[in-house]
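# Tertiary structure, described
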Amino acid sequence: MDFTEVLKPGLTAELSETVTAKNAASGLGSGGLPVYGTPSMILLMEMTSFAVVADFLPPGWSTVGTEVNIKHLAATPLGMKVRAHAELLSVDGRALSFKVEAFDETGRKIGEGTHSRFIVDNERFMAKTATIKSA
């Protein structure tokens, strides 16, 4: 399947969330302070990248994350809203590359980087995954 016909560089999406005790570093165990946790920021960036292309994929197809290269630039306190922006940079077969950024509600950039995803046929992907045995 040729996804370059429907997925074009420049497509974007934005998602947001509020910093809570649950997505704070102290709540996640990724740090001891009650500020927006890096894992939460990365998750929001991944979700936003997925949202860029999700509506363009045929039924039964999805994307999986394959790489993150993220810098967390500034702390964000509890109660503040965070917005992630993702832009599709390139489509190489089923490999997708995104520019991702995150901002707090004052407009200050709190994170930036790149994220890669791969387009998969859900049924084939899960069938292959089911064959993996634990040691």
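Look above for the structure.
Residues numbered from 1 in each chain as written. Predicted model: local features only at pLDDT ≥ 70, side-chain atom pairs only at ≥ 80, totals over all residues. Heavy atoms only, no water.

### Regarding the overall build of the protein
Worth spelling out the cut-off: Strands are runs of DSSP state E lasting at least 2 residues, helices are runs of H or I lasting at least 4, and numbering of each runs from the N terminus. Accessibility here uses a 1.4 Å probe with only protein chains present; expressed as a share of the type maximum, an area under 20% marks a residue as buried, one over 50% as exposed, and anything in between as partly exposed. Here a residue-residue contact requires only that any non-hydrogen atoms of the pair lie within 4.5 Å. Throughout, the Shrake-Rupley method with a 1.4 Å probe supplies accessible areas, and for residues the shown protein chains are the sole cover considered.
Regarding its fold elements, the protein presents three helices and five strands. For the C-alpha atoms alone, the extent of the protein along its principal axes is close to 45 × 45 × 20 Å. Classification of the 135 residues of the protein by burial places 33% in the buried group. For the protein, long-range pairs separated by at least 24 residues make up 67% of all intrachain contacts whose partners lie at least 6 apart in sequence. Looking at the protein as shown, the accessible area adds up to about 7,700 Å², and 56% of this sits on carbon and sulfur atoms.

### Considerations on the pattern of salt bridges
Going by this rule: In what follows, salt bridge is the name for a side-chain nitrogen of Lys or Arg lying within 4 Å of a carboxyl oxygen of Asp or Glu.
All chains considered together, the criterion is met by five salt bridges. Among the ionic pairs, Glu-46 bridges to Arg-117, the shortest N-O distance being 3.2 Å. Remark: Arg-117 occurs in strand β5 (residues 109-121) and Glu-46 occurs in helix α2 (residues 38-54); sequence separation between them is 71 residues. Using a relative accessible area of 25% as the deciding quantity, one classes Glu-46 as partly exposed. Linking Asp-104 and Arg-108 is a salt bridge whose minimum nitrogen-to-oxygen distance equals 2.8 Å. Three or more residues joined by partner-sharing salt bridges are found here, namely Glu-101, Lys-109 and Glu-112.

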